[in-house]
Amino acid sequence: MNVIIIYSGDLGSTEKAARYLADELGGAELADTSLSPVIDYKAYDAVVFGTNVRMFRLNKRFRKYAASRLRSRADGKVYAFVMCADDRKSDKFVRKADKALRSPGATVYAGGELNTDKASSFEKSIIEGVEAAFKKEGRALPQIMYATLRDLAERIKADLDQSKNDESEKAE
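Residues numbered from 1 in each chain as written. Predicted model: local features only at pLDDT ≥ 70, side-chain atom pairs only at ≥ 80, totals over all residues. Heavy atoms only, no water.

1. Re the layout of surface pockets
Thought 1: When its volume is computed, the largest pocket comes out at roughly 820 Å³.
Thought 2: Along the wall of the largest pocket there are 30 residues; nearest its centre are Val53, Arg54, Met55, Ala85 and Val130.
Thought 3: Of all the secondary structure elements, the ones that give two or more residues to the lining of the largest pocket are helix H1 (13-24), strand E3 (46-54) and helix H4 (121-136).
Thought 4: For the lining of the largest pocket, the element with the highest residue contribution is H4, accounting for seven residues.
Thought 5: Class assignment of the residues belonging to the lining of the largest pocket gives a composition of 15 nonpolar, six polar and nine charged.
Thought 6: There is about 300 Å³ of room inside the second largest pocket.
Thought 7: Lining the second largest pocket are 13 residues, and of these Asp45, Leu160, Ser163, Lys164 and Glu167 sit closest to its centre.
Thought 8: In terms of residue count, the dominant contributor to the lining of the second largest pocket is helix H5 (residues 146-171) (six residues).
Thought 9: Among the residues making up the lining of the second largest pocket, the classes are represented as three nonpolar, two polar and eight charged. (1 Å grid on protein atoms, 1.4 Å probe; cavity = no way out; pocket = protein on both sides within 12 Å on 5 of 7 lines; lining within 4 Å. Points joined across faces, edges and corners; volume = space filled by probe spheres on them. Helix = DSSP H or I, 4+ residues; strand = E, 2+ residues; numbered from the N terminus. Nonpolar A, V, L, I, M, F, W, Y, C, P; charged D, E, K, R; others polar.)

Spelled out as structure tokens, the structure:
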């Protein structure tokens, strides 16, 4: 099983989710789009994209790499996970990621965090304001949905096993 997880994030939550998913898949390769890696999509059985939502948009680097995968005409399976602190808008961003990948049903919502580890002082003040709003509204603070990422890993493994079985039957 040759899988790469290409993640695009800003404050660390998407990377954390990508690393967790890689472990669940038994050691998938990781590629951080902020480092501008060159990806040979045809070298992988499956490509998983991870993206955050920032300023009500999917990460620009995710959109760039999703478009480059389409141009590559790679045959492998494609999946994605979206990280977004506001679960009330998650369906919208899942649909947008599916559309960018031209693969309906490929994307799952994997929660989010109000993570300030890599945030600038300006970003920290915004995050603190969002956190205060969540508390004022009585909403639970967002969390990474590890069970959803485990389910995605199981789906990927099952799909790749099925593809392998299909290829074996064709060879017979």
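2. Remarks on the pairing of strand E2 (residues 29-32)
Thought 1: The pairing of strand E1 (residues 3-8) with E2 spans four bridges and is parallel. Considered in E2, the bridge of Ile6 is made with Ala31.
Thought 2: For the crossover from E1 across H1 to E2, the handedness is right-handed. (Pairing = 2+ DSSP bridges. Right-handed = clockwise from strand over helix to strand, strands pointing away.)

3. Focus on the pattern of salt bridges
Thought 1: Per the stated rule, a full pass over the model turns up 13 salt bridges.
Thought 2: A salt bridge links Arg54 to Glu123, with the shortest nitrogen-to-oxygen separation between them at 2.1 Å. Of this pair, Arg54 sits in strand E3 while Glu123 sits in helix H4, placing them 69 residues apart in sequence.
Thought 3: With a relative accessible area of 33%, Arg54 lands in the partly exposed category.
Thought 4: One salt-bridge network, held together by shared partners, links Asp86, Asp87, Arg88, Glu137 and Arg139. (Salt bridge = Lys/Arg side-chain N within 4 Å of Asp/Glu carboxyl O. Buried < 20%, exposed > 50% of the residue type's maximum accessible area, 1.4 Å probe, protein only.)

4. Notes on the packing of aromatic side chains
Thought 1: All chains considered together, the criterion is met by two aromatic pairs.
Thought 2: Each ring, one from Tyr20 and one from Tyr146, has its centre 4.7 Å from the other, and the planes form 65°; the classification is edge-to-face. On the criterion of sequence distance, the pair formed by Tyr20 in helix H1 and Tyr146 in helix H5 is long-range, its members being 126 residues apart.
Thought 3: Taking the centre distance of 5.8 Å and the plane angle of 80° together, the rings of Phe49 and Phe62 count as edge-to-face. Highlighted residues: Phe49 in strand E3 and Phe62 in helix H2 (residues 60-72), separated in sequence by 13 residues.
Thought 4: Taking the ring centre of Phe134 as reference, the NZ or CZ of Arg139 above it sits at 4.2 Å. (Phe/Tyr/Trp six-rings, centres within 6.5 Å; stacked < 30°, edge-to-face > 60°. Lys NZ or Arg CZ within 6 Å of the ring centre and 35° of its normal.)

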